[in-house]
Amino acid sequence: MDSHDLAKSITSWLETQAHAEQTAFSSIPDLGIDFGSTIGLVRKENQDRIVVAEYRDPINQAQDFVMAALSDGMGGGRDGGYCASSTLARIVFALTSRSTNKNLIDHLVSVCKDASEALFDEYKDKGGTTFSAVIISRSGETAVVNVGDSRVHQLQLGARDSEAHSKFNQLTQDDNIAGEIAKIRGRLPSDLSGNEYANHLTQYIGAGKDIEPRVYEVSDDGRSSLLVATSDGAHNIGESVLGKLALFMPSSSEFVRRTLHVSRWTGGQDNASILCVNTELLKDYLRVGATERNSLTIWTVGGSRQYFSISSESHRGDQRVKKGLGFFFSDKDAELDESASDDKKPKATRVKRKAPTKDQVAKQETLDIEITSSTEKKDSKNGSGNN
């Protein structure tokens, strides 16, 4: 299986997971990440996708990164959910092939453009998706990259006083006509969310190679930040409501649950998804050297899958070239942490497995990546989305 087949495999897995439950929540405590998604009460299909990807480079630990991303497939186009899944799969895999001399953030921007061109070639501007990502490297590089009208907010943690209200801010600008008008008038994009042109996107993944992904620096005043990505079904409950849910949350996992419940309680007109990243917890996690190098682990709502790679590498100038990359699947289910909180919230936790030895790889001829997949057991109450 070559790299193209691997991207297709990841896409297929994301599609399967997306249709498993109408409402589901997941948590990765070690990484400080919580997320969830609901189909809502009106739509027949959930076209939102969430992926968390952790890559541990085999040679240079400075290349390690975690990306948490949300995509909202365009409902007015063809195959919105598939467009979101394939985009995330392409971007995740392409990020692992970064040359040593290329900045991680610049590489993500370039990869987004490539993914947009690939989707345009496939759908001829009749299919597309938004893309909102938080990416953090082991060296501490932190950025938000956004295309479309999904949003990323920042909450400065640690304050509950009256001035804290101003600490929950929308970082991103909506890539739609209303967002452009808001920028010209010096207003917040959310102020024009009811504008008749609000849903007319000016750019998205799938619009071709000439898109310009927006990059946002994450300010740091010494306190932990919670970066919150939302699809429009989540933030359409109202910025003030979303802000209050964030400011008075007992935990980020509960913030995720409350946001999705409110979305359903207020009509559930659209798919709603939310992704929370505690930047300080994630930075601390990345600073610790991984026992499993040369691995890619991806999580989505309700499950995780881990890829181990043992491939020969050569150096061409200042670029690394991977050779002989191949893949094989293990049909052995990974063990998941089934410990649950009082509300029996399912957890997507890191898979603990050893990479195959070189002797094992030799027996597989050119096959040198093991893929271990798992799907969490879900509580029927969570799956039903009953509130």
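Please refer to the structure placed before this passage.
A.B. asks: I'd like a rundown of the nonpolar core, residues and numbers included.
C.D. replies: Counting residues in each nonpolar core, the largest one holds 36 residues, and the members touching the most others are Met67, Ile91, Leu108 and Phe131. Those elements that provide at least two residues to this core are helix H1 (3-18), strand E3 (48-56), strand E4 (65-72), helix H2 (80-95), helix H3 (104-123), strand E5 (131-137), strand E6 (142-147) and strand E12 (295-300). Among the elements that make up this core, the one with the highest residue count is H3 (eight residues). Residues contacting Leu108, with those up to four places away along its chain left out, are Met67, Ile91, Leu95, Phe131, Ile135 and Val145. Counting residues in each nonpolar core, the second largest holds 25 residues, with Ala24, Tyr285, Leu286 and Trp299 among its members.

A.B. asks: Break down the pairing of strand E7 (residues 151-156) for me, with residues and values.
C.D. replies: Within a regular strand, side chains alternate between the sheet's two faces. Counting buried positions over the six residues of E7 gives six, a clear majority of the element. Burial along E7 is two-sided: the face carrying Arg151, His153 and Leu155 and the face carrying Val152, Gln154 and Gln156 are both buried. Direction of pairing for E7 relative to strand E10 (residues 225-230): antiparallel, over a ladder of six bridges. Opposite Gln156, over in E10, you have Ser225 as the bridge partner. For E7 and strand E8 (residues 168-170), the ladder comprises three bridges, and the chain directions are antiparallel. Along E8, the bridge assignment pairs Leu155 with Phe168.

A.B. asks: Break down the sheet that holds strand E1 (residues 23-28) for me, with residues and values.
C.D. replies: The strand order E1-E2-E11-E10-E7-E8 describes an open sheet built from six strands, whose pairing is antiparallel. Edge positions in the open sheet fall to E1 and E8, since each of these has one partner strand only. The mean inter-strand angle of the sheet, taken between neighbouring strand axes irrespective of direction, is 15 degrees. Contacting E7, E8 and E10, helix H6 (residues 239-247) runs over the sheet at an angle of about 40 degrees to E7. Sheet contacts for helix H8 (residues 279-287): strand E2 (33-38), E10 and strand E11 (272-278); angle to E11, the most-contacted strand, approximately 60 degrees.

A.B. asks: Could you give an account of a negative patch on the surface, naming the residues involved and the relevant values?
C.D. replies: A contiguous patch of negative charge on the surface is contributed by Asp114, Glu117, Asp121 and Asp210. Relative to the helices and strands, Asp121 is located in helix H3.

A.B. asks: So what about the pairing of E3? Which residues, and what values?
C.D. replies: Among the nine residues that make up E3, nine are buried, leaving the element largely enclosed by the rest of the structure. Of the two faces of E3, both are covered, the one formed by Asp48, Ile50, Val52, Glu54 and Arg56 as well as the one formed by Arg49, Val51, Ala53 and Tyr55. Sheet topology places E3 next to E4; eight bridges connect them, and they run antiparallel. Across the sheet, Glu54 pairs through a bridge with Val66, a residue of E4. Strand direction decides the pairing type here: E3 and E12, joined by five bridges, are antiparallel. Bridging across to E12, Ala53 finds its partner in Ile298.

Calculation criteria
Residues numbered from 1 in each chain as written. Predicted model: local features only at pLDDT ≥ 70, side-chain atom pairs only at ≥ 80, totals over all residues. Heavy atoms only, no water. Core = buried A, V, L, I, M, F, W, Y, C linked by side-chain atoms within 4.5 Å. Buried < 20%, exposed > 50% of the residue type's maximum accessible area, 1.4 Å probe, protein only. Helix = DSSP H or I, 4+ residues; strand = E, 2+ residues; numbered from the N terminus. Contact = heavy atoms within 4.5 Å. Pairing = 2+ DSSP bridges. Axes fitted to C-alpha atoms, helices over the stretch in contact; angles between N-to-C directions. Patch = residues over 30% accessible without salt bridge, like charges linked within 9 Å, V, L, I, M, F, W, Y side chains within 5 Å. Areas by Shrake-Rupley, 256 points an atom, 1.4 Å probe, with all protein chains shown as cover. Salt bridge = Lys/Arg side-chain N within 4 Å of Asp/Glu carboxyl O. Lys, Arg positive; Asp, Glu negative; His and termini not counted. Charge placed at Lys NZ, Arg CZ, Asp CG, Glu CD.

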